[in-house]
Amino acid sequence: MINTSQPSDRGCVLVTGASSGIGKATAKRLAVAGYHVFAAARRLEKMTDLQSDRITVLPLDITKEESVRSLVETISTQTERLDVLINNAGYGSHGALEAVSLEEARYQFEVNVFGLMHLTQLILPIMRQQRGGKIINVSSMIGKVSVPMSGWYSASKHVLEALSDALRLEVQQFGIKVVVIEPGAIKTEFNDIAAERVNKASSIDAYQSWTEAWIKVLNSSNQTGAEPEVIAEAITKAVKTKNPRSRYAAPFESKFFLFLKWLLSDRLFDRVVLSEIKKRQKLVSPSISPIAE
Ligand SMILES: NC(=O)c1ccc[n+]([C@@H]2O[C@H](COP(=O)([O-])OP(=O)(O)OC[C@H]3O[C@@H](n4cnc5c(N)ncnc54)[C@H](OP(=O)(O)O)[C@@H]3O)[C@@H](O)[C@H]2O)c1
């Protein structure tokens, strides 16, 4: 049983998707800050560097009900409290809406929405019983804004935003706080996985130039995006703050983009999105501009 009564112990946190990117950076940061972290993902071999006195590595496939249940049972045998759940596991299903298979679209929702909510449903009784806790859902800047070639991913994060708002109101009576994190472009494996998905959905010739353009945009995110530590810092702030805000957007690009969405008409905002995509394409390959004027 993990002892959280030591003065140096701040409490127990579960981070999903801790095998890379934002989740791994967050697990490390929270462990240094004095929390005991349960770090979960499918690829245990990618988490051997995390295992320590402060971090317990556990297997999780968020789409498998048995795996989610087993994770919660294992954690319950190791700690009496779970102070924070960080729902970070996710991926981006990218590609033209006409070309992405419904099977892929369903899987996107299994990971980013249903798996996440199943885990949340199993953690809530623990938090209700202890009369407090925080649930931190990692959404995206495009949980508020839809951009081309990311329709299903964006839809899954819009759903997460809506569920988070409803949950925040439902569970505040139990002292449970719900926070949404809205990252902009971050340098992680996310971009390579998204590019893979775009390639998979490239069967329709009419979208060929957009497919190539979008892969360039994703590649440019690997060059110009922020480091995952920036988001780990925003999450840590939300974890440590007694009364966190309901939303944290980071880095500045995300805040700015969301501000523009609020400010501009759809027509003007569409222009901003297309010009931003062209700019990023040029950053990767100055000579080619597949998105037609
Ligand atoms: N990178 C960005 O630009 C960006 C921007 C906005 C929002 N986000 C969001 O940030 C979160 C973290 O992404 P990241 O950028 O850190 O990407 P990443 O490096 O690809 O990490 C994604 C994590 O999710 C886990 N995961 C994926 N499918 C899973 C499944 N079925 N079961 C359990 N775990 C699963 C992966 O672990 P395994 O494969 O080992 O299971 C991995 O640890 C995601 O929710 C993403 O949508 C990212």
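Below or above, wherever it landed, is the structure these notes cover.

Conventions we followed
Residues numbered from 1 in each chain as written. Predicted model: local features only at pLDDT ≥ 70, side-chain atom pairs only at ≥ 80, totals over all residues. Heavy atoms only, no water. Near = heavy atom within 4 Å. Polar contact = N/O pair within 3.5 Å; in protein donor to acceptor, adjacent residues only side chain to side chain. Helix = DSSP H or I, 4+ residues; strand = E, 2+ residues; numbered from the N terminus. Core = buried A, V, L, I, M, F, W, Y, C linked by side-chain atoms within 4.5 Å. Buried < 20%, exposed > 50% of the residue type's maximum accessible area, 1.4 Å probe, protein only. Contact = heavy atoms within 4.5 Å. Expected span 1.5 Å × (residues − 1). Arc of directions from axis to C-beta. Pairing = 2+ DSSP bridges. Right-handed = clockwise from strand over helix to strand, strands pointing away. Patch = residues over 30% accessible without salt bridge, like charges linked within 9 Å, V, L, I, M, F, W, Y side chains within 5 Å. Areas by Shrake-Rupley, 256 points an atom, 1.4 Å probe, with all protein chains shown as cover. Salt bridge = Lys/Arg side-chain N within 4 Å of Asp/Glu carboxyl O.

## Remarks on the site of the ligand
And step 1. Near the ligand there are 31 residues, and of these Ser19, Ser20, Arg42, Tyr153 and Thr188 occur at the shortest range.
And step 2. In the model, an oxygen atom of the ligand is placed 3.4 Å from a nitrogen or oxygen of the Gly90 main chain.
And step 3. Within the side chain of Lys157, one N or O atom sits 3.0 Å away from an oxygen atom of the ligand.
And step 4. If you list the elements that add at least two residues to the shell around the ligand, you get helix 1 (21-32), helix 3 (102-129), helix 4 (151-171) and helix 5 (190-200).

## A look at the nonpolar core
And step 1. In terms of nonpolar packing, the biggest core is built from 30 residues, with Val37, Ile86, Ile136 and Ile235 touching the most fellow members.
And step 2. The greatest single-element share of this core, amounting to five residues, is contributed by helix 7 (residues 228-240).
And step 3. When residues no more than four places from it in sequence are discounted, the contact partners of Ile86 are Val13, Leu14, Val15, Thr16, Thr26, Leu30, Ile136, Val138, Ile235 and Val239.

## A word on helix 2 (residues 65-78)
And step 1. Given a rise of 1.5 Å per residue, 14 residues ought to cover 20 Å, and the 20 Å separating the end C-alpha atoms of helix 2 matches this to within 8%.
And step 2. Among the residues of helix 2, Ser67, Val68, Leu71, Val72 and Ile75 are the ones counted as buried. Viewed along the axis of helix 2, the buried residues span an arc of 135 degrees, placing them on a single side of the element. Set apart from the buried face of helix 2 by more than 90 degrees, the exposed residues are Glu65, Glu66, Glu73 and Thr77.
And step 3. Where helix 2 is buried, its residues contact strand 1 (11-16), strand 2 (35-41), strand 3 (55-59) and helix 3.

## Things to note about the pairing of strand 2
And step 1. When you tally the buried positions in strand 2, you get seven out of seven residues, the bulk of the element.
And step 2. Every second residue of strand 2 is oriented toward a common face, with Tyr35, Val37, Ala39 and Ala41 on one face and His36, Phe38 and Ala40 on the other, all of them buried.
And step 3. As paired strands, strand 1 and strand 2 are joined by six bridges and run parallel to one another. The residue of strand 2 that forms the bridge with Gly11 is Tyr35.
And step 4. Between the parallel pair strand 1 and strand 2, the chain is carried across by helix 1, and the sense of this crossover is right-handed.

## Regarding a nonpolar patch on the surface
And step 1. Together, Phe252, Phe256, Phe259, Trp262 and Leu263 give the surface a local cluster of nonpolar side chains, amounting to about 630 Å² of exposed area.
And step 2. As for its position among the elements, Phe256 is in helix 8 (residues 252-263).

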